[in-house]
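# Fold and contact review
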Amino acid sequence: MTPNIRPLVAGNWKMNGLRDSLAEIKAICEGVEEPHFERIDTLICPPATLVYVATALAENCALHIGGQDCHSQESGAFTGDVSAAMLADCLASYCIVGHSERRTLHGEDDLTVRAKAEAAIAAGLTAIICIGETEDERRAGKTLDVLRSQLSGSVPETATAANTVIAYEPVWAIGTGLTPTTEDIAAAHAFMRQALTMRLADEAQAMRLLYGGSVKPGNAGELMAIENVDGALVGGASLKAEDFLAICEAYRALLG
Ligand SMILES: O=C(CO)COP(=O)(O)O
């Protein structure tokens, strides 16, 4: 938690969710309307096929809807891709870029991720830029080197606290039930804040730094209490409204 930074609890549904999953979006909308959630921002990033109908469902509630990826170009001959402008046109307000599954399975490097973040920002979306070390890099003691290089390569000069969120997702913690120690997360987040401040000055002080990787209702309170952790990027536990709302509740309880 960082005083004066409004936390963001974000759900990444990955390639999960058919039309009947919209019932979960509806239930999350109803849940986050409770007045005690007014100090937290909430976001669900469903698959692209559900974005338009999800934004319609969430139109009158506080829940934001976002994309999971975007192309760096606004339009053109890019079969199968979705542009940031298209997501914005569907009333999405955020877009995840550089998730480790995109970096690994689609060969996206920092330059590509930066171009996508720039496109998301140019389209009026808030870019959630994901970074994080692999298991091998962690074992070799290279975590902070990886974060330094991914931050400098992936975060555009146009990044501000309003248009950019950074998500620290250790690759080995994604979908494994493993999380780094509280001390390791605190060190990574303090390092990110410092590295960003050198480039972006005051904007970095107010920028939201999320933790992602096996966040569950049972560990959310502990994770959120860590200094410089300004919210969560949740995978598996965001698919069910009950779990997602329980994570929001853990965070809210900390805010008092
Ligand atoms: O990749 C993630 C979110 O983007 C994390 O996934 P899990 O919460 O399922 O570990």
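All of these numbers come straight from a predicted model, not from anything done at the bench. (Residues numbered from 1 in each chain as written. Predicted model: local features only at pLDDT ≥ 70, side-chain atom pairs only at ≥ 80, totals over all residues.)

### Observations regarding the UniProt feature "binding site: substrate" (unreviewed entry) in the chain
The UniProt feature table records "binding site: substrate" (unreviewed entry) at Asn-12, Trp-13, Lys-14, Gly-175, Ser-214, Gly-235 and Gly-236. A maximum C-alpha distance of 14.0 Å is found for the annotated residues, which run over 225 residues; spatially they form one tight group. Relative to the helices and strands, Ser-214 resides in the loop between strand E7 (208-212) and helix H10 (217-224). In this structure Ser-214 comes out as buried when scored by C-beta crowding, with 22 C-beta atoms within 10 Å. Those residues in contact with Ser-214, other than ones at most four positions away along the chain, are Ala-173, Thr-176, Gly-177, Leu-178 and Thr-179. (UniProt positions renumbered as here; feature names shortened; annotations may be inferred. Helix = DSSP H or I, 4+ residues; strand = E, 2+ residues; numbered from the N terminus. Buried ≥ 20, exposed ≤ 12 C-beta atoms within 10 Å, placed from the backbone. Contact = placed C-beta atoms within 7 Å.)

### Some details on the sheet that holds strand E2 (residues 41-45)
Strand order in the closed barrel formed by eight strands is E1-E2-E3-E4-E5-E6-E7-E8, and the pairing between neighbours is parallel. Strand-to-strand twist across the sheet, computed as the mean angle between neighbouring axes with direction ignored, equals 25 degrees. Pairing of strand E6 (residues 164-168) with E7 involves four bridges; the strand directions are parallel. Following the sheet pairing, Val-165 is matched in E7 by Arg-208. Seen against the sheet, helix H11 (residues 241-255) touches strand E1 (8-12), E2 and strand E8 (231-234) and runs at an angle of roughly 160 degrees to E1. (Pairing = 2+ DSSP bridges. Axes fitted to C-alpha atoms, helices over the stretch in contact; angles between N-to-C directions.)

### Topic: the nonpolar core
Membership of the largest hydrophobic core comes to 72 residues, with the highest contact counts inside it found for Cys-95, Ala-120, Ile-128, Ile-129, Ala-232 and Ile-247. The residues contacting Ile-128, other than those within four sequence positions of it, are Ala-10, Tyr-94, Cys-95, Ile-96, Val-97, Val-165, Ala-167 and Leu-233. (Core = buried A, V, L, I, M, F, W, Y, C linked by C-beta atoms within 7 Å.)

### Structural notes on the environment of Leu-209
Assignment of secondary structure puts Leu-209 in strand E7. Here Leu-209 falls in the buried class, since 22 other C-beta atoms lie within 10 Å of it. Remark: the alpha-carbon pair of Leu-209 and Ile-166, spanning 43 residues in sequence, is separated by 4.9 Å. Every residue in contact with Leu-209, bar those within four places of it in the chain, is listed here: Ile-166, Tyr-168, His-189, Met-192, Arg-193, Asn-228, Val-229 and Asp-230.

### Describing the packing of helix H7 (residues 143-154) against helix H8 (residues 182-200)
Contact geometry of H7 with H8 gives a least axis separation of 10 Å together with a crossing angle of 35 degrees. Like other packed secondary-structure pairs, H7 and H8 cross with a definite hand, here right-handed. Across the interface between the two elements, Thr-143, Leu-144, Leu-147, Arg-148 and Leu-151 from H7 touch Ala-188, Phe-191, Met-192, Ala-195 and Leu-196 from H8. Considered class by class, the residues forming the contact of H7 with H8 number eight nonpolar, one polar and one charged. (Left-handed = near helix turned anticlockwise from the far one by under 90°. Nonpolar A, V, L, I, M, F, W, Y, C, P; charged D, E, K, R; others polar.)

### Structural notes on the UniProt feature "active site" (unreviewed entry) in the chain
Under the present numbering, the feature "active site" (unreviewed entry) in UniProt falls on His-99 and Glu-169. What stands out for the annotated residues spanning 71 residues is how close their C-alpha atoms remain, the widest pair being 8.3 Å apart. Locating Glu-169 in the fold gives a position in the loop between E6 and H8. In contact with Glu-169, other than residues within four places in its own chain, are Ser-100, Cys-130, Gly-132, Ile-174, Gly-212, Gly-213 and Leu-233.

### Brief notes about the environment of Thr-104
Relative to the assigned elements, Thr-104 resides in helix H4 (residues 100-105). Given 11 C-beta atoms within 10 Å, Thr-104 falls into the exposed group. Here the alpha-carbon distance between Thr-104 and Val-171, two residues 67 residues apart in the chain, equals 9.9 Å.

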